[in-house]
Amino acid sequence: MYAALTLTILLAHQGAISRYIHKLSDRTFSSVYHVNAFDLAMIIPYFIVLVVLAMYGLHRYWLVYDYFLYSKNVPPPPPPVTNWPRVTVQLPIFNERYVIERLTEAVARFDYPRELLDVQVLDDSTDETQEVAHACVERHAAQGLPITYIHRTNREGYKAGALKNGLKTAKGEFVAIFDADFIPEPDFLRRTIPYFLNPDGGEHIGMVQTRWTYLNSNYSLLTNVEAILLDGHFVVEHGARSRRGAFFNFNGTAGVWRRKVIDEAGGWQHDTLTEDTDLSYRAQLKGWRFLYLPQIECASELPVDMNGFKSQQARWAKGLMQTAKKILPKVFHAKVPVHIKAEAFFHLTSNISYPLMILLSAMLLPVMIVRFQQGWFQMLLIDLPLFLASTCSISSFYLVAQKELRPKTWWRTFLYLPFVMATGIGISVRNAQAVIEALVGKESEFARTPKFKIEGKKGTFAKKSYKNKAGWIPYAEVGLGIYFALTVIYAITNENYGTVPFLLLFVWGYLYTGLMSLGQTYFAHLRFGVNAPEMRPAASGAPGF
C-alpha cells in the first residue's frame, strides 16, 4: 500500500498528469458555474438518450441472467421415430448463381427417406441463375431426388411471396426452409423432425429453429465481428427467451415448420421485411410452442463485403420495427404473462437504439464542453453509470456467448470487443435511416444479401456480381469519423483523457464502415493472418461443389 501511494505521489508531479489529477480534485471554482438555456437544451436530450440506451443495455444483462437462471429448461432428446412423415424442403433463391449448386448438393445428401421428401427450388431470379438452378434440379431429379423447379416471373412479396407460392403445391406435413447460403448436414431432418413427433407434448410444437455456424468467420476482421454478433443472438438471446418460455423468432432459414401452423397463423405475409419474425409472433399468439435446438448446427456464409453486411443489418432493423408496429398491439392485448409482453417489446423495438446513437453522436462534443464546465464530480456520479449500463452490457453479452461456445478459447474475444462495439457504432447511420423509414411507413424493396461462395479464408468477391451500392451513407459515416477525431483532439487539448478511449471507438467505427463501403475492393486485404486475394473474374454459371 505504501509503495502504491509513493508511486502515485511521484506520478502526480509529472507534467500533464499532475494537472489532470489536480483538475479532478480541485473544487475552487465549483460554485462559479451557473446553468443556462443552451446547457439545458443540450443536457436534457442528452440524458434522455442515455437513459433509454441504458434501459436497453440493462435488458441485455437481464437476458444473460435469464439464460443462466433457466439453464435447466432445455428440451430433452425425443424418443426414436418409427413412422417418418413427409417433409417439404423449400429453397428460396434470387440471383444466387454462385451458391445454388452447393445448396442443392447438400439437400440431395439428406439421409431422410427419399419417398417422403418434397424439395422445391423457389427461384425468382432474373439472371443466368435460372439456367443453372434448372439444370441442378434436372440432374438431381434424374438421380431419384423428388425435386421441382418453380420460377416466378415477378418478385411479388419477395421471399415471403415465393414461400407462399411454393406452399400451393407443397406435399409435406412439415416444411424445412434453407436460404441459398446455407449447407445443412445430411442428418438435419432426422434430428429435428422427432421433436414434433414426441408423444410428450410434441403435438403442440409449431416450429424448431437450429443454430447457425459459419463457413468463413475467419475470412476477415468484418466476418469475425459478424460471427460474434450472431453468436450473441443465437446463444444468449434465443437461449434466454426459449428457456424462460418467452416468444422468440424463426430466423428465416435452418428451421422446420409444421405446415398447418403456417396456415393457422395467416400464412406468409410481406407487409414487413422480416416475414419470419412476423409469422413467428402470429403463430405463438395462436398458442403454438417453438423450440430452439442449439445443439443442431447449420453452416452458413457470412457477408464478406461491408455494403452487403450493412444492407442485411438495415433490412433486419427496418423489418423488426415494422413488425413491432404490426404485432406489439396484439401482444399487449393477448392473454399472455407480463414477462412475455415485456420481452416482446424489448426484442422488437431494440433497433430504436440506432437513431438514438446518431443523436448521441451529434451531441457528444457540445455536451462534453458543458459537462466539463460543470465539474468532474457530476460527470463521474451521473454520466459514468449510464455509460456503463449502455455500453458495458454489450461486452458481457457477447463474452457469455463465446464462453458458452468456446470454453477454452473464449478469452480471445476480448481482442475483438473494441471492433465489435465500433462496428455497431459504425452501422448506426444506415440502420437509423432504416428504423426511421419503418416508423414513418416508407416502404422499400427486400434487399438481398449477396453470397459469393467464400469458405474459410479462400476466395474473393472483388470481381463478382451482386455487390450492393454504397450510396450517400458512407460519406456521412466518414464525416462523423472526422467529427469525432476533432472531438478527440479537443478532449486531449483540455486534458479530458478519460473520454478518449470511448471517443476513439466512434472514430474507428465510422471511418471503418465508411471507408470500407467506399473502397471495399481496395481494402480486401484488411484481415487477420490472411493474404490479399488474387483478383480474378468469376467463372460463368455456378461453380461446382
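Because the structure is a prediction, the values reported are computed rather than measured.

## Some thoughts on the overall build of the protein chain
Right, on to step 1. In terms of helices and strands, the protein chain carries 18 helices and 8 strands.
Right, on to step 2. Looking at the protein chain as a whole, 57% of its 545 residues are labelled buried.
Right, on to step 3. By sequence separation, contacts in the protein chain at least 24 residues apart represent 83% of the contacts at least 6 residues apart.
Right, on to step 4. As presented, the protein chain carries roughly 24,200 Å² of accessible surface, and 62% of it is formed by carbon and sulfur atoms.

## Things to note about the sheet that holds strand β2 (residues 117–123)
Right, on to step 1. Strand order in the open sheet formed by 8 strands is β3-β2-β1-β4-β7-β6-β8-β5, and the pairing between neighbours is mixed. In this open sheet, the two edge strands, each paired with only one partner strand, are β3 (147–151) and β5 (182–183).
Right, on to step 2. In terms of strand pairing, β2 meets β3 through 5 bridges, oriented parallel. Looking at the pairing, D123 lines up with H151 of β3.
Right, on to step 3. Packed on one face of the sheet, helix α4 (residues 100–108) meets β1 (87–93), β2 and β5 and runs near 170° to β1.

## With respect to the side chain of E477
Right, on to step 1. Residue placement: E477 occurs in helix α17 (residues 473–493).
Right, on to step 2. When its relative accessible area of 0% is taken as the criterion, E477 is described as buried.
Right, on to step 3. At 2.9 Å, the side chain of E477 forms a polar contact with the side chain of K310.
Right, on to step 4. Non-local contacts of E477, meaning those with residues more than four positions away in its chain, are made with K310, G426, V429, Y510, L511, T513, G514 and S517.

## Considering a nonpolar patch on the surface
Right, on to step 1. On the surface, W472, Y475, L515 and L518 cluster together into a nonpolar patch covering about 450 Å² of accessible area.
Right, on to step 2. Here W472 is to be found in the loop between α16 (428–440) and α17.
Right, on to step 3. Looking at W472, the relative accessible area reads 52%, which means it is exposed.

## Points about the packing of helix α11 (residues 306–333) against helix α18 (residues 500–518)
Right, on to step 1. Here α11 crosses α18 at 120°, and the two axes come no closer than 8 Å. Of the residues in α18, those touching α11 at M306, N307 and K310 are Y512, T513, M516 and S517.

## As for the confidence of the model for the protein chain
Note that predicted coordinates carrying low pLDDT should not be read in detail.
Right, on to step 1. The predicted model of the protein chain has a mean per-residue pLDDT of 84, with 81% of residues at 70 or higher.
Right, on to step 2. Across residues 1–13 the pLDDT falls below 50, and counting only partners more than four positions away or on other chains, this stretch makes 5 contacts in the model.
Right, on to step 3. Contacts for the low-pLDDT stretch residues 524–545, under 50 throughout, to residues beyond four places or in other chains number 52 contacts.

## Comments concerning the pairing of strand β6 (residues 205–214)
Right, on to step 1. With 10 of its 10 residues buried, β6 lies for the most part within the structure.
Right, on to step 2. Where β6 and strand β8 (residues 289–300) come together, 9 bridges link them in parallel fashion. Considered in β8, the bridge of Q209 is made with Y292.

## Topic: the nonpolar core
Right, on to step 1. Ranked by size, the top nonpolar core spans 70 residues in total, and within it V89, F178, L189, I193, V256, W257 and W268 carry the most contacts.
Right, on to step 2. Here the element with the most residues in this core is β8; it accounts for 6 residues.
Right, on to step 3. What F178 contacts, discounting residues up to four positions off in sequence, is V89, Q90, L91, P92, L103, F110, P184, F188, T253, A254 and C298.

## Considerations on the environment of V261
Right, on to step 1. Note that V261 resides in helix α9 (residues 259–264).
Right, on to step 2. Sequence spacing of V261 and L279 is 18 residues, and the spatial spacing of their C-alpha atoms is 9.5 Å.
Right, on to step 3. When near neighbours in sequence (up to four residues on either side) are disregarded, V261 contacts G206, A283 and W288.

## Focus: α18
Residue pairs spaced three or four apart in an α-helix point in one direction, given the helix's 3.6 residues per turn.
Right, on to step 1. Compared with the 27 Å implied by 1.5 Å per residue over 19 residues, the 27 Å span of α18 between its first and last C-alpha is a close match.
Right, on to step 2. Looking at α18, one finds that the buried residues are V500, L503, L505, F506, V507, G509, Y510, Y512, T513, G514, M516 and S517.

## Quick word on unusual backbone geometry
Right, on to step 1. Phi at N95 is positive, roughly 50°, even though this residue is not glycine.
Right, on to step 2. Its place among the elements puts N95 in the loop between β1 and α4.

## Description of the environment of P78
Right, on to step 1. Within the secondary structure layout, P78 lies in the loop between α3 (37–69) and β1.
Right, on to step 2. When the C-alpha atoms of P78 and P199 are compared, they prove to be 8.6 Å apart, with 121 residues separating the residues in sequence.
Right, on to step 3. Apart from the residues within four sequence positions on either side, P78 is in contact with P194, Y195 and N198.

## Let's talk about the packing of helix α10 (residues 275–285) against α11
Right, on to step 1. Where α10 meets α11, the closest approach of the two axes is 10 Å, and the angle between their N-to-C directions is 10°. When the axes of α10 and α11 are compared, the pair comes out roughly parallel. Only L320, T323, K326, I327, K330 and V331 of α11 make contact with α10, whose side of the interface consists of T277, D278, Y281, R282 and L285.
Right, on to step 2. Counted by class, the contact of α10 with α11 contains 5 nonpolar, 2 polar and 4 charged residues.

## Overview of the packing of aromatic side chains
Right, on to step 1. Tallied over the full model, the rule gives 27 aromatic pairs.
Right, on to step 2. Between W84 and Y112 the ring centres are 5.4 Å apart and the planes differ by 75°, which places this aromatic pair in the edge-to-face class. Highlighted residues: W84 in the loop between α3 and β1 and Y112 in the loop between α4 and β2, separated in sequence by 28 residues. Each member of the pair, W84 as well as Y112, carries the same accessibility label: buried.
Right, on to step 3. Each ring, one from W212 and one from F234, has its centre 4.8 Å from the other, and the planes form 40°; the classification is tilted. With W212 in strand β6 and F234 in helix α8 (residues 221–244), this pair connects stretches of sequence that are 22 residues apart. No difference in accessibility class separates W212 from F234, as the two residues are buried.
Right, on to step 4. Counting every residue linked through ring pairs, the aromatic cluster contains F248, F250, W257, W268, F290 and Y292.
Right, on to step 5. Its guanidinium or amino end placed over the ring of F94, R155 lies 3.6 Å from that ring's centre, counting from NZ or CZ.
Right, on to step 6. Geometry around Y67 places R243 over its ring, the cationic atom sitting 4.0 Å from the centre.

Thresholds applied
- Residues numbered from 1 in each chain as written.
- Predicted model: local features only at pLDDT ≥ 70, side-chain atom pairs only at ≥ 80, totals over all residues.
- Heavy atoms only, no water.
- Helix = DSSP H or I, 4+ residues; strand = E, 2+ residues; numbered from the N terminus.
- Buried < 20%, exposed > 50% of the residue type's maximum accessible area, 1.4 Å probe, protein only.
- Contact = heavy atoms within 4.5 Å.
- Areas by Shrake-Rupley, 256 points an atom, 1.4 Å probe, with all protein chains shown as cover.
- Pairing = 2+ DSSP bridges.
- Axes fitted to C-alpha atoms, helices over the stretch in contact; angles between N-to-C directions.
- Polar contact = N/O pair within 3.5 Å; in protein donor to acceptor, adjacent residues only side chain to side chain.
- Patch = residues over 30% accessible without salt bridge, like charges linked within 9 Å, V, L, I, M, F, W, Y side chains within 5 Å.
- Salt bridge = Lys/Arg side-chain N within 4 Å of Asp/Glu carboxyl O.
- pLDDT = per-residue confidence, 0-100.
- Core = buried A, V, L, I, M, F, W, Y, C linked by side-chain atoms within 4.5 Å.
- Expected span 1.5 Å × (residues − 1).
- Parallel < 35°, antiparallel > 145°, perpendicular 65-115°, else oblique.
- Nonpolar A, V, L, I, M, F, W, Y, C, P; charged D, E, K, R; others polar.
- Phe/Tyr/Trp six-rings, centres within 6.5 Å; stacked < 30°, edge-to-face > 60°.
- Lys NZ or Arg CZ within 6 Å of the ring centre and 35° of its normal.

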